[in-house]
Amino acid sequence: MSKVALITGITGQDGAYLSEYLLKKGYVVHGIKRRSSLFNTERIDHLYQDPHVEQRNFYLHYGDLTDSTNLIRIIQEVQPDEIYNLAAMSHVQVSFDTPEYTANADGIGTLRLLEAIRLLGLTNKTRFYQASTSELYGLVQEVPQTEKTPFYPRSPYAVAKLYGYWITVNYREAYNMFACNGILFNHESPIRGETFVTRKITRAVARIALGLQQKLFLGNLSAKRDWGHAKDYVKAMYLMLQQDQPDDYVVATGVTTSVREFVVRAFSEVGIEIEFKGEGVEEKGYVVACNNPEYKLEKGACVVEVDPRYFRPTEVDLLIGDPSKAKSKLGWKPNFDLNALVKDMMKEDLKLMKRDKFLNDGGYRTLNYYE
Ligand code: NDP
Ligand code: GDR
């Protein structure tokens, strides 16, 4: 008998990679997607199966983490062996604009799922993965951050996720549930949401190289993140639910890099050398050399500028994770380092933007990519 997994947030970056991974392992995968006015399944369209076909292993259900009865009904129908709770309003800056909704979906949403498992009498059957985050560490207290580092959340998103973290621990202890927190550090990919900083950078660099955009506007260039590849990180989620005992794990690369350095690396991937000059909001990135004859960028052109609108009311300055426990207990190890990640993202975004350029040049459509 195949194992059955239910994934919330299946239309997101991690949901898509995890679905692929579990399907390859022979799972039957069910996912919860939200109703939206435009299609929101682009990342999983290649996995879609015609509902008229009898033998299927991939199913989608309409639902929302803010709707308990909907979650109870889906879990009752699906009777999952494993639930991966990946759904969340996951943008830190946007959480300052929508704090109440973020608390409801990211915090109470986690409780709704755990409580549904309990009410349906599935505590001995269903294993639960909670998408916890390095944002819990917030204000730097020690580096590298481990499973034992105290939390100090710095955004409505992180505070909501703090509730999600502890309610998962509480249900594990109170009801003996197999419930785990993956404290995942930033992980990116070619299908990363376009408004997270890495993808915003790789898309813009591809567009600037192709002459579709002149400048990239960013916020805090000095923030440092421990960036890994999402393909590696979904494997850790799976491994956590295959252990004998439930536990919480940090998943990270152990290497930290500034936003500024990420920008330099992304440009260098397409043969453009850039240098930053100035300080604070006056800091700008200029082209030093363009070593790729395909691209026509003038030496001295200003291609990056700081825009304070992207500053956050409270920032997380430095994240660097210690994945020792995940490595020793789960046998997890990442295949991608930062170089390989930037390469993968730039390669795919160049392909995408070349397609857009073709459409633009042909007069078929014009898109506004400034975000
Ligand atoms: P994405 O933003 O790419 O995906 C989020 C998913 O959640 C989407 O499928 C989205 O649906 C869905 N969603 C949002 N709100 C609701 C809701 N109210 N009800 C149901 N579904 C909802 O995030 P990632 O894939 O990058 O991250 C997955 C999880 O891991 C998130 O919980 C995130 O907070 C957490 N995390 C992510 C890290 C990262 O670096 N990527 C690091 C640590 C934790 P739709 O497509 O319709 O918007
Ligand atoms: P983060 O990711 O907040 O770490 O949360 P994001 O890519 O949004 O920001 C990383 C850092 O870059 C700085 N920054 C900018 N960020 C964005 N989005 N846009 C900009 O223009 C910009 N300029 C500078 C930010 O200030 C920040 O310091 C991600 C999400 O996936 C969360 O869901 C997850 O929990 C954490 O990673 C781990």
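Residues numbered from 1 in each chain as written. Chains lettered and ligands numbered in written order. Predicted model: local features only at pLDDT ≥ 70, side-chain atom pairs only at ≥ 80, totals over all residues. Heavy atoms only, no water.

The name given to the protein in an unreviewed UniProt entry is GDP-mannose 4,6-dehydratase, and the organism recorded there is Thermophagus xiamenensis. Turning to the protein, the UniProt annotation filed under Cofactor (unreviewed entry) states: "NADP(+)". Under Function (unreviewed entry), UniProt gives the following word-for-word description of the protein: "Catalyzes the conversion of GDP-D-mannose to GDP-4-dehydro-6-deoxy-D-mannose." (UniProt positions renumbered as here; feature names shortened; annotations may be inferred.)

> I would appreciate a short explanation of the UniProt feature "domain: NAD(P)-binding" (unreviewed entry) in the protein in the present structure.
Following the UniProt record, one finds the feature "domain: NAD(P)-binding" (unreviewed entry) at residues 6–345. Measuring from the first to the last C-alpha atom of residues 6–345 gives 28 Å, for a span that is 35% helix and 19% strand. (Helix = DSSP H or I, 4+ residues; strand = E, 2+ residues; numbered from the N terminus.)

> Looking at this structure, I do not really get the site of ligand 1. What am I missing?
Lining the immediate surroundings of ligand 1 are 25 residues, of which Thr11, Arg34, Ser90, Tyr101 and Tyr157 lie closest. Measuring from an oxygen atom of ligand 1, one finds a backbone N or O atom of Leu86 at 3.0 Å. Between ligand 1 and Ser90, the relevant distance is 2.6 Å, taken from an oxygen atom to a side-chain nitrogen or oxygen of the residue. For ligand 1, the protein covers 89% of the area, taking 910 Å² as the surface of the free molecule. Contributions of two or more residues to the shell around ligand 1 are made by helix 1 (13–24), helix 4 (99–119), strand 5 (127–133) and helix 5 (156–175). Counting residues per element, the shell around ligand 1 draws most heavily on strand 5, which supplies three residues. For the shell around ligand 1, a count of residues per class yields ten nonpolar, ten polar and five charged. (Near = heavy atom within 4 Å. Polar contact = N/O pair within 3.5 Å; in protein donor to acceptor, adjacent residues only side chain to side chain. Areas by Shrake-Rupley, 256 points an atom, 1.4 Å probe, with all protein chains shown as cover. Nonpolar A, V, L, I, M, F, W, Y, C, P; charged D, E, K, R; others polar.)

> Mind showing me how you'd approach the side chain of Lys325 here?
Looking at the element boundaries, Lys325 is found in helix 9 (residues 324–330). Of the polar contacts made by the side chain of Lys325, one reaches the side chain of Asp247; its length is 3.1 Å.

> Help me understand the nonpolar core, please; the structure alone is not making it clear to me.
In summary, soluble globular proteins display a tendency toward joint burial of nonpolar side chains. By size, the foremost hydrophobic cluster in this structure holds 35 residues, and its most contacted members are Ile201, Phe267 and Ile274. Within the residue set of this core, elements represented by two or more residues are helix 6 (197–209), strand 8 (216–218), helix 8 (259–269), strand 13 (272–277), strand 15 (302–306) and helix 10 (338–361). Each residue touching Ile201, except ones within four places of it in the same chain, is listed here: Leu216, Leu218, Val259, Phe262, Val263 and Ala266. One finds Tyr17, Leu18, Val29 and Ala236 within the second-largest nonpolar core, a separate group that totals 33 residues. (Core = buried A, V, L, I, M, F, W, Y, C linked by side-chain atoms within 4.5 Å. Buried < 20%, exposed > 50% of the residue type's maximum accessible area, 1.4 Å probe, protein only. Contact = heavy atoms within 4.5 Å.)

> Would you take a moment to explain the environment of Lys329 for this structure?
Take Lys329: it is sitting in helix 9. Between the alpha carbons of Lys329 and Gln243 there is a distance of 8.8 Å; along the sequence they are 86 residues apart. For Lys329, the residues in contact, after removing those within four places along its chain, are Gln243 and Tyr249.

> Is there a simple way to explain the layout of surface pockets in this structure?
Where empty space is left becomes clear once a probe the size of a water molecule has been rolled over the atoms. The space that makes up the second largest pocket amounts to roughly 330 Å³. For the lining of the second largest pocket, the element with the highest residue contribution is strand 3 (residues 58–62), accounting for five residues. Split into classes, the residues belonging to the lining of the second largest pocket amount to nine nonpolar, six polar and five charged. (1 Å grid on protein atoms, 1.4 Å probe; cavity = no way out; pocket = protein on both sides within 12 Å on 5 of 7 lines; lining within 4 Å. Points joined across faces, edges and corners; volume = space filled by probe spheres on them.)

> What is the right way to read the site of ligand 2 from this model?
Close to ligand 2 lie 22 residues, the nearest being Ser90, Thr133, Tyr157, Arg312 and Glu315. For ligand 2, an oxygen atom lies 2.8 Å from a polar atom in the side chain of Asn186. Separating an oxygen atom of ligand 2 from a side-chain N or O atom of Lys200 is a distance of 2.7 Å. Here ligand 2, which alone exposes 700 Å², has 96% of that area covered by the protein. Looking at side-chain class alone, the shell around ligand 2 contains eight nonpolar, eight polar and six charged residues.

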